[in-house]
Amino acid sequence: MARTSVDYDWLIIGSGFGGSVAALRLSEKGYTVGVVEQGRRHADHEYAASTWNLRRFFWAPALGLRGIMRLTPFKDIFVASGTAVGGGSAVYANTLYRAKPAFFENPQWQGLDDWAAALAPHYATAERMLGVAQVPFGSGGQDLLRATGRHFGVEDTFTRTPVGVFFGKAGETVPDPYFGGEGPERTGCTKCGACMVGCRVGAKNTLLKNYLWFAEKRGATILPEREVTDIRPLGAGDGRDGYEITTERPGAWLFKQRETFRARGIVVAGGALGTNALLANCVANGSLPRLSPRLGELVRTNSESILAVTLPDDSTAPWNDVAISASIHPDHDTHIELCTYGKHGDFMSFLLAPLTGNGTRVTRPLMLLKAIARHPLQFLRGRFPFGWSKRTLVVLVMQTSDNAIAFRAVKRLFGRGVRLTTEQNREHPNPTFIPVANAAAEFMARHTGGIAQSGVLEAAMNIPTTAHILGGAVIGADASRGVVDAKLRAFGYENFVICDGSAMPANPGVNPSLTITALAEHAMAQVAAKGAAADLARVAAVA
């Protein structure tokens, strides 16, 4: 290397499912590892007790909100994502399915490997590390979902969810039950339903309790509340001499506390939103000019629609569950789950509106106004937030359909750099309305006497909501087809890996966290141990 003075062998940007895997596996291979994360580090008791505690629940650092839930509206999609040490694991619904077969056969990466076979051992490792177990109990929400499956003639597809939750004796703390006593103490799930508000019990298998726990034990350093604003190669322009990253305090208006760190290799794992935004800025400012021009293409939303049904009362205790405890498949492409925020997620009611049908950005707002005018009392009951959470089930619909949007970088009106906007894929646009989603919500409302609802931006502006934004730096055969290769190495650079949801080449049709973890395990398995890597570098230099 032209410059040997570095802070770490590898710097990892982001600490979600991809970044946490990289932190542990690179540490195990003998490297010094730093993990830079813009979110806060939360102990279990520091999570918000209620979504009304905006400062602890939502992430909007410029406004002083430094919680775990981030909401980002675009022209074509409204994105819910997580920001914290541990990334989305702090706020996700614990749900850990393997991707559907169509995912492995998508043309974007078909032929680069036998992906179902290649990822099978990594799925098994991810399931062991994340403590996957099938939900062992029934619930009122499961009964409603089973009835919905019966209505669609698919009751046989009903299954309880594989989740990353410790189902010990409720509320009882015991020594580590997963890793032979080497992991942290765990407390049995109390079925409070607040997994997506932040598990204050200690039952949720967040990344701080597995991958990051062991990464730190092996010497990795986590640097929270630092947002990476630039990545710049040192010496040779292809990164062979290492990289310098610049960080600042997220959301700071004046005192940004800029710092720089140097490393021999970089792992970008900021989630699809964070990774695409960071790399777009690095391209715009000239720091990473060799990145593929395909950056920002094939952004996937998991083809999702998010709706809800508010029940007349909480007599069936729909909150007394884990966040997602079962699913059905009304057709080959579609996966439906019911979600709860527990008894203290009332603020989320403001993200919903009366159910509207298919339309455009002109007609759907008119449909919304018509629905309000026809049923004003129902509208008011549905909007009354207090007690909403304990009697409401969110309807999460996902598909494997091959559709996409794109991220486009546009210059900021104020300040430096670029921001992301969206554009529909012309050939395979992302749907703004999924008929079976509305049909399911309508049935549930009729069956229970409840109120069916659409996402507020879907109803008011024809903009669907997703909790699983993916892609934009996808796997491809070469730089004309994707941003990373089959080993998740960025085209055009050395020692530059992208391993998070942004590399996902297709819609998995289920919650993607387990697949992101398995892909990261696959990527890290390709990295040589520290001594072996040095030997290879010397051989290459001589050759």
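To be clear, the structure that these remarks concern was listed above.
Small disclaimer: the values here were computed from a predicted structure and weren't measured.

Engineer: Would you take a moment to explain the overall build of the protein chain for this structure?
Structural biologist: When helices and strands are tallied, the protein chain shows 13 helices and 27 strands. On C-alpha atoms alone, the protein chain measures out to a radius of gyration of 23 Å, which is about the 24 Å that the 2.2 N^0.38 rule sets for 543 residues. Taking the principal axes of the C-alpha coordinates as reference, the protein chain spans close to 75 × 55 × 50 Å. Counting across all 543 residues of the protein chain, residues that qualify as buried make up 58%. For the protein chain, the share of sequence-separated contacts (at least 6 apart) that also reach a separation of at least 24 residues comes to 74%. In the form shown here, the protein chain has an accessible surface area of approximately 21,000 Å², with 55% of it arising from carbon and sulfur atoms. Of the side chains in the protein chain, 56 bear a positive and 47 a negative charge, and the two mean positions are spaced by 6 Å.

Engineer: Sorry, what's going on with the nonpolar core here?
Structural biologist: Burial of nonpolar side chains together is a common tendency in soluble globular proteins. Grouped together as the largest cluster of nonpolar side chains are 77 residues, with contacts concentrated most on Leu-26, Ile-231, Val-267, Phe-496 and Met-524. Of the residues forming this core, the biggest block, seven residues, is contributed by helix 12 (residues 513-525).

Engineer: Looking at this structure, how should I read helix 5 (residues 140-152)?
Structural biologist: One full turn of an α-helix is made of 3.6 residues, so residues set three or four places apart face in the same direction. Over its 13 residues, helix 5 extends 19 Å from the first C-alpha to the last, a length consistent with the 18 Å expected when each residue adds 1.5 Å. Taken residue by residue, helix 5 has Gly-140, Gly-141, Gln-142, Leu-144, Leu-145, Ala-147, Thr-148 and Gly-149 as its buried positions. A positive backbone phi angle near 75° is found at Gly-153, which sits one or two residues after helix 5.

Engineer: What am I meant to see in the sheet that holds strand 18 (residues 324-331) here?
Structural biologist: As a general point, the strands of a sheet are linked pairwise by backbone hydrogen bonds and lie either parallel or antiparallel. A sheet is described by the order of its strands in space; here seven strands give the open sequence 8-18-19-21-17-24-20, paired in antiparallel fashion. Where the open sheet ends on each side, the last strands, each with one partner, are strand 8 (159-160) and strand 20 (352-354). Strand direction decides the pairing type here: strand 18 and strand 19 (residues 334-339), joined by four bridges, are antiparallel. Bridging from a neighbouring strand, Ser-327 pairs with Glu-337 of strand 19. Together, strand 17 (305-310), strand 18, strand 19, strand 21 (392-399) and strand 24 (451-455) form the strand contacts of helix 10 (residues 435-448), whose direction differs from that of strand 17 by roughly 5°.

Engineer: I tried to follow the packing of aromatic side chains on my own but got confused; where do I start?
Structural biologist: Applying the stated rule across the entire model yields 20 aromatic pairs. With centroids separated by 5.4 Å and ring planes inclined at 75°, the aromatic side chains of Phe-103 and Phe-104 adopt a geometry described as edge-to-face. By the burial criterion, Phe-103 is buried, and Phe-104 matches it. Their ring planes at 65° and their centres at 5.3 Å tell us that Phe-347 and Phe-350 sit as a pair that is edge-to-face. Phe-350 sits in the partly exposed class, given a relative accessible area of 44%. By way of ring pairs, the aromatic residues Trp-52, Phe-57, Phe-58, Phe-347, Phe-350, Phe-384 and Phe-386 are connected into one cluster.

Engineer: Teacher, can you tell me more about the pairing of strand 22 (residues 405-411) here?
Structural biologist: Regular strands show a simple pattern: their side chains alternate between the two faces of the sheet. Where strand 22 and strand 23 (residues 418-424) come together, seven bridges link them in antiparallel fashion. Counted as the bridge partner of Ile-405 is Gln-424 from strand 23. Taking the residues between adjacent antiparallel strands as the criterion, strand 22 and strand 23 are bridged by six residues, where Gly-415 takes a positive phi near 85°.

Engineer: What am I meant to see in the packing of helix 5 against helix 10 here?
Structural biologist: When two helices pack together, their arrangement is given by the angle between the helix axes and by the axis-to-axis distance. Between helix 5 and helix 10, whose axes approach to 10 Å, the crossing angle comes to 115°. As for the relative orientation of helix 5 and helix 10, their crossing is right-handed in sense. On helix 10, the residues touching Leu-144, Leu-145, Ala-147, Thr-148, His-151 and Phe-152 of helix 5 are Val-436, Ala-439, Ala-440, Phe-443, Met-444, Arg-446, His-447 and Thr-448. Considered class by class, the residues forming the contact of helix 5 with helix 10 number nine nonpolar, four polar and one charged.

Engineer: Help me understand the pattern of salt bridges, please; the structure alone is not making it clear to me.
Structural biologist: Should the charged atoms of two oppositely charged side chains come close, the side chains can pair. For the structure shown, the criterion picks out 25 salt bridges. Here Glu-28 and Arg-218 are joined by a salt bridge, their closest N and O atoms 3.9 Å apart. Separated by 190 residues along the polypeptide, Glu-28 in helix 1 (residues 17-28) and Arg-218 in the loop between helix 6 (211-217) and strand 12 (221-223) bring together distant segments of the chain.

Engineer: Is there a simple way to think about the environment of Arg-383 in this case?
Structural biologist: Topologically, Arg-383 is positioned in helix 9 (residues 376-383). Its relative accessible area of 17% is what places Arg-383 among the buried residues. A sequence separation of 76 residues divides Arg-383 from Leu-307, and the C-alpha atoms of the two residues are 14 Å apart. Residue contacts for Arg-383: discarding those within four places in its chain leaves Ser-349, Leu-352, Ala-353, Pro-354 and Gln-453.

Engineer: Explain the sheet that holds strand 6 (residues 78-82) to me, please; I cannot follow it from the model alone.
Structural biologist: One open sheet accounts for three strands, arranged 5-6-25; its pairing is mixed. Strands with a single pairing partner mark the edges of an open sheet, and in this sheet they are strand 5 (69-73) and strand 25 (465-466). Pairing of strand 6 with strand 25 involves two bridges; the strand directions are parallel. The residue bridging Phe-78 from the neighbouring strand is Thr-465, located in strand 25.

Engineer: Can you help me understand the side chain of Asn-205 in this one?
Structural biologist: Looking at where Asn-205 falls in the secondary structure, it is placed in the loop between strand 11 (186-187) and helix 6. In this structure the side chain of Asn-205 is engaged in a polar contact, spanning 2.9 Å, whose partner is the backbone oxygen of Leu-130. Side-chain polar atoms of Asn-205 contact the side chain of Arg-186, separated by 2.8 Å. Among all residues touching Asn-205, those that are not within four sequence positions of it are Leu-130, Gly-131, Gly-164, Val-165, Phe-166, Tyr-178, Arg-186 and Asn-210.

Engineer: Just checking my understanding: could you explain helix 10 for this structure?
Structural biologist: In this model helix 10 runs 20 Å from its N-terminal to its C-terminal C-alpha over 14 residues, within 8% of the 20 Å that 1.5 Å per residue would give. Listed in full, the buried residues belonging to helix 10 are Val-436, Ala-437, Asn-438, Ala-440, Ala-441, Phe-443, Met-444 and Ala-445. Next to the buried residues of helix 10 lie helix 5, strand 17, strand 18, strand 19, strand 21 and strand 24. Positive phi shows up at Gly-449, right after helix 10, with a value of about 75°.

Engineer: When you look at the packing of helix 4 (residues 115-129) against helix 12 in this model, what are you seeing that I'm missing?
Structural biologist: In contact at an axis separation of 8 Å, helix 4 and helix 12 are set at 105° when each is read in the N-to-C sense. Judged by the inter-axis angle, helix 4 sits roughly perpendicular to helix 12. When helix 4 is examined against helix 12, the residues Trp-115, Leu-119, His-122, Tyr-123, Thr-125, Ala-126 and Glu-127 are found in contact with a partner set consisting of Leu-514, Thr-515, Thr-517, Ala-518, Leu-519, Glu-521, His-522 and Ala-525.

The rules behind the values
Residues numbered from 1 in each chain as written. Predicted model: local features only at pLDDT ≥ 70, side-chain atom pairs only at ≥ 80, totals over all residues. Heavy atoms only, no water. Helix = DSSP H or I, 4+ residues; strand = E, 2+ residues; numbered from the N terminus. Rg over C-alpha atoms; globule rule 2.2 N^0.38 Å. Buried < 20%, exposed > 50% of the residue type's maximum accessible area, 1.4 Å probe, protein only. Contact = heavy atoms within 4.5 Å. Areas by Shrake-Rupley, 256 points an atom, 1.4 Å probe, with all protein chains shown as cover. Lys, Arg positive; Asp, Glu negative; His and termini not counted. Charge placed at Lys NZ, Arg CZ, Asp CG, Glu CD. Core = buried A, V, L, I, M, F, W, Y, C linked by side-chain atoms within 4.5 Å. Expected span 1.5 Å × (residues − 1). Pairing = 2+ DSSP bridges. Axes fitted to C-alpha atoms, helices over the stretch in contact; angles between N-to-C directions. Phe/Tyr/Trp six-rings, centres within 6.5 Å; stacked < 30°, edge-to-face > 60°. Left-handed = near helix turned anticlockwise from the far one by under 90°. Nonpolar A, V, L, I, M, F, W, Y, C, P; charged D, E, K, R; others polar. Salt bridge = Lys/Arg side-chain N within 4 Å of Asp/Glu carboxyl O. Polar contact = N/O pair within 3.5 Å; in protein donor to acceptor, adjacent residues only side chain to side chain. Parallel < 35°, antiparallel > 145°, perpendicular 65-115°, else oblique.

Bear in mind that shape data such as this cannot, by itself, settle questions of function.
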